[in-house]
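Overview (structure and organization)
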Amino acid sequence: MSLALDSAPLLAPRRLGDESLETLFTRAATPNSFSSAPVTDDELRSIWDLAKWPPTSANFQPMRVLFVQSSEGRAKLGEHMAENNRDKTIAAPAVAVLAFDRAWHENLATTTPHLAHLTEYFADNEDPRLSAARNNSWLQAGYFILATRALGLAAGPMGGFDATAIDADFFQDGAWGTFLVINIGHPTEGSYRPRLPRLDQEHTVQFA
């Protein structure tokens, strides 16, 4: 599946149907196990082909993805996962290691041509450069999870891991920094726990 939409005409927002909203939000959940059905390279590439489109600050796009599919790669990654996440990671048919690019500013001339003059500023100022990288990468991670669901796969995001060790094993040049690991696959029957409550608007929403 290829989504080469760079030259396609832009569209105004359209309301999704109830089934699509259920798939993405209201009836979607995080599985605890996956079937043995493989996840193909094309499916993984299609996740990114969707996740790359929603907005980031000034179109910075700092998130990077390492897809780990081989048993050897998952075993190596499993060594750096927390104990309660290790077996799930090794057993998953595919795993995405999400990272932020510490040198994202070097692509400004491509992603944000009218701000290309800021390349030198970000090169010389690490704090705002890394802050922009982390904040926008977390934003992109949400898009990545929704894209995974939209393509008929399930996503199991995990935060229990040794990021420094993953970087040392997989990103040895130091350019990328791990911030989230997501198991990807087709859930098994009964792999979902009962959904935990969500806070209602009384606790979360205000109007001014």
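Here is a short report on the structure shown in this document. (Residues numbered from 1 in each chain as written. Predicted model: local features only at pLDDT ≥ 70, side-chain atom pairs only at ≥ 80, totals over all residues. Heavy atoms only, no water.)

1. Observations regarding the pairing of strand 3 (residues 154-158)
Within strand 3, four of the five residues are buried, which leaves it mostly tucked inside the rest of the structure. Examined bridge by bridge, strand 3 and strand 4 (residues 176-185) share five bridges and lie antiparallel to one another. Paired with proline 157 across the strands is isoleucine 182, a residue of strand 4. (Buried < 20%, exposed > 50% of the residue type's maximum accessible area, 1.4 Å probe, protein only. Helix = DSSP H or I, 4+ residues; strand = E, 2+ residues; numbered from the N terminus. Pairing = 2+ DSSP bridges.)

2. Notes on the side chain of threonine 112
Looking at the element boundaries, threonine 112 is found in the loop between helix 5 (108-111) and helix 6 (119-124). The exposure class assigned to threonine 112 is buried, which follows from its relative accessible area of 2%. Apart from residues no more than four positions distant in its own chain, threonine 112 is found in contact with Ala58, Asn59 and Phe60. (Contact = heavy atoms within 4.5 Å.)

3. What to know about the packing of helix 3 (residues 71-78) against helix 4 (residues 83-91)
Where helix 3 contacts helix 4, the axes come no closer than 8 Å and their chain directions differ by 170°. Considering their axes alone, helix 3 and helix 4 lie roughly antiparallel with respect to each other. Across the interface between the two elements, Arg74, Ala75, Leu77 and Gly78 of helix 3 pack against Arg86, Thr89, Ile90 and Ala91 of helix 4. Among the residues forming the contact of helix 3 with helix 4, the class breakdown is four nonpolar, two polar and two charged. (Axes fitted to C-alpha atoms, helices over the stretch in contact; angles between N-to-C directions. Parallel < 35°, antiparallel > 145°, perpendicular 65-115°, else oblique. Nonpolar A, V, L, I, M, F, W, Y, C, P; charged D, E, K, R; others polar.)

4. Section: helix 3
Along helix 3, the residues that are buried comprise Gly73, Arg74, Leu77 and Gly78. Mapping the buried residues of helix 3 onto a view down its axis gives an arc of 135°, with all of them on the same face. Against the buried residues of helix 3 lie strand 1 (63-68), helix 4, strand 2 (94-101), helix 8 (163-170) and strand 4. (Arc of directions from axis to C-beta.)

5. Some remarks on unusual backbone geometry
In the Ramachandran plot, alanine 58 falls in the positive-phi region, its phi being about 55° despite a non-glycine side chain. A relative accessible area of 34% places alanine 58 in the partly exposed class. If you check the backbone angles, glutamine 61 has positive phi at about 55° while not being a glycine. Among the secondary structure elements, glutamine 61 is positioned in the loop between helix 2 (41-51) and strand 1.

6. Describing the packing of aromatic side chains
One pass over the structure, following the stated rule, counts seven aromatic pairs. Ring geometry for phenylalanine 60 against tryptophan 104: centres 4.4 Å apart, planes inclined by 35°, an arrangement best described as tilted. Separated by 44 residues along the polypeptide, phenylalanine 60 in the loop between helix 2 and strand 1 and tryptophan 104 in the loop between strand 2 and helix 5 bring together distant segments of the chain. Both residues of the pair, phenylalanine 60 and tryptophan 104, count as buried. Across from the ring centre of phenylalanine 170, 5.4 Å away, lies the NZ or CZ of lysine 76, which sits over that ring. (Phe/Tyr/Trp six-rings, centres within 6.5 Å; stacked < 30°, edge-to-face > 60°. Lys NZ or Arg CZ within 6 Å of the ring centre and 35° of its normal.)

Function cannot be read off these values alone, since they describe shape.
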